[in-house]
Structure formats: structure tokens, C-alpha cells
Amino acid sequence: PMKSRLLLGVCLSALLLGGVLVVALPRLTASPHLDTVDASADSLAKKYNSPSGLCPWRNPATDLKAFFPTATTSKEEFLTLSRHTGEIEKQLHRKVTGEETGLQIHRVYQGSTPIGVVVARRVKGEYGAIEIVVASDTQNRVVGIKIQRHREPEKTAALLKNPDFLKFFEGKTVQSEWNCHCEQVEISPKSIKS
């Protein structure tokens, strides 16, 4: 009986060890699994040229002084706009995407007094994403606009960065006429979409 128990124990131990080796050995000898990332130009363009969505404010210190010379600080905030979807769609005359129901804003202060807001947004241009920075005062009037990045051809880029074109938007509110009728700026048919 003692020898049979010992033999049974050795057999069970061997079975257990065999089971562990069957499960563990392939994992121990296999190459480590690494997730792959598609870094092709098409994949990166889809990721970074999305028509809208969160967009970084790339030059806050420089832009802050240009838009609000007396500003001392800014604080980042995220607004969820999903409860206003109907109103936004009415203003835009189109359906909004899920990305458009969130908005990252930067509240601007002089000391502890709020003096404005800055929003950076990515929109779809003819040749890729156009990143726009818009600053508004506490009465919701545009203080200034800056194009921080784009991939447009030279003629369209010249229009987008034309001081007369950008100045057109200063003082605008939600109720303003936003179609540019700038006599000083010639808008070519190829630039209209952008």
C-alpha cells in the first residue's frame, strides 16, 4: 500500500507537471507578442486629418499675448455639447458628428478676472486638415483668428493667412453674417471649400 501511494503520487505529480508544461512551454518559448501600428501615410492622414475634433493649441504663449495682451493665465476646460445637438445642427445646416459634440476651450484671465476664451479646432480643407485658433471676448465677439496649420496650396494659403481676410471676422458673434464679402481679398474658386 505504501509503494502504491508513492507510485500514485509520482504519477499525479508527473501528470500535473506535464499539464503545466503543455500550457506554459509554448508561452515561454514563443516570441513576445507586439501590437503592430499602421503608420502608413494613408493611416496617419486619416488619424490627423479628421474633419473636426479635438485639436491642440500649439502656441498658447504667443497667441495669448497676440489676442489678449493683458492676459496673465489660461485654464483648459472640456465642454460636452451633446444636449445642444439640435441647435448646433440648425446653425450649421447639417448633421454633427460625435466628435463635434465635445469642445476643448481655454478660458483666459487677467489675474482672476475672465477676459475671454480661446478655441483651437480642426476642420476639413480641400487638401487636408486646417487648424484654426479663434479667440473671443466675454461678450462672445471674435477678438482674432489664426490659422496654425494647413496643407493647402500657396494661393489658398495666401488667402487663409491674409490679414484683411482674418480681420473680417473680428467683432463677429453667432448672430453675425459670416460669409466673407471682402473686397480687398480675391477668393479663387479653388479656395472656396477651404
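No experiment lies behind these values; they were computed from the predicted model shown. (Residues numbered from 1 in each chain as written. Predicted model: local features only at pLDDT ≥ 70, side-chain atom pairs only at ≥ 80, totals over all residues. Heavy atoms only, no water.)

Trainee: How do you make sense of the sheet that holds strand E4 (residues 128-137) when you look at a structure like this?
Mentor: The antiparallel open sheet is built from five strands, whose spatial order is E1-E2-E3-E4-E5. Strand pairing shows two members of the sheet lacking a second neighbour, strand E1 (73-80) and strand E5 (142-149), which therefore form its edges. Averaged over all pairs of adjacent strands, the angle between strand axes in this sheet comes to 25 degrees, irrespective of strand direction. Across eight bridges, the pairing between E1 and strand E2 (residues 102-110) is antiparallel. From the neighbouring strand, Glu77 faces E2, where its bridge partner is Ile105. The strands touched by helix H3 (residues 60-67) within the sheet are E1, E2, strand E3 (113-125), E4 and E5, with E5 carrying the most contacts at an inclination of about 150 degrees. (Pairing = 2+ DSSP bridges. Helix = DSSP H or I, 4+ residues; strand = E, 2+ residues; numbered from the N terminus. Axes fitted to C-alpha atoms, helices over the stretch in contact; angles between N-to-C directions. Contact = heavy atoms within 4.5 Å.)

Trainee: Teacher, can you tell me more about the nonpolar core here?
Mentor: Soluble, globular proteins show a tendency: their nonpolar side chains are buried together. Core analysis: the largest hydrophobic core is formed by twelve residues, namely Cys55, Trp57, Leu64, Phe67, Phe68, Ala71, Val108, Ile115, Val118, Ala120, Val133 and Ala135. Of all the secondary-structure elements, those providing two or more residues to this core are H3, E3 and E4. If one sorts the elements of this core by residue count, E3 sits on top with three residues. The contacts of Val133, once residues within four sequence positions are left out, are Trp57, Asp63, Phe67, Val118, Val119, Ala120, Gly144, Ile145, Lys146 and Gln148. (Core = buried A, V, L, I, M, F, W, Y, C linked by side-chain atoms within 4.5 Å. Buried < 20%, exposed > 50% of the residue type's maximum accessible area, 1.4 Å probe, protein only.)

Trainee: Help me understand the pattern of salt bridges, please; the structure alone is not making it clear to me.
Mentor: One side chain can pair with another of opposite charge once the charged atoms of both are near each other. This structure, assessed with the given rule, holds seven salt bridges. Here Lys167 ties to Glu170 by a salt bridge, and the two come within 3.5 Å at their closest N and O atoms. Relative accessible area serves as the criterion here: at 38%, Glu170 is assigned to the partly exposed category. Each member of the salt-bridge network shares a partner with another, and the members are Arg58, Arg122 and Glu131. (Salt bridge = Lys/Arg side-chain N within 4 Å of Asp/Glu carboxyl O.)

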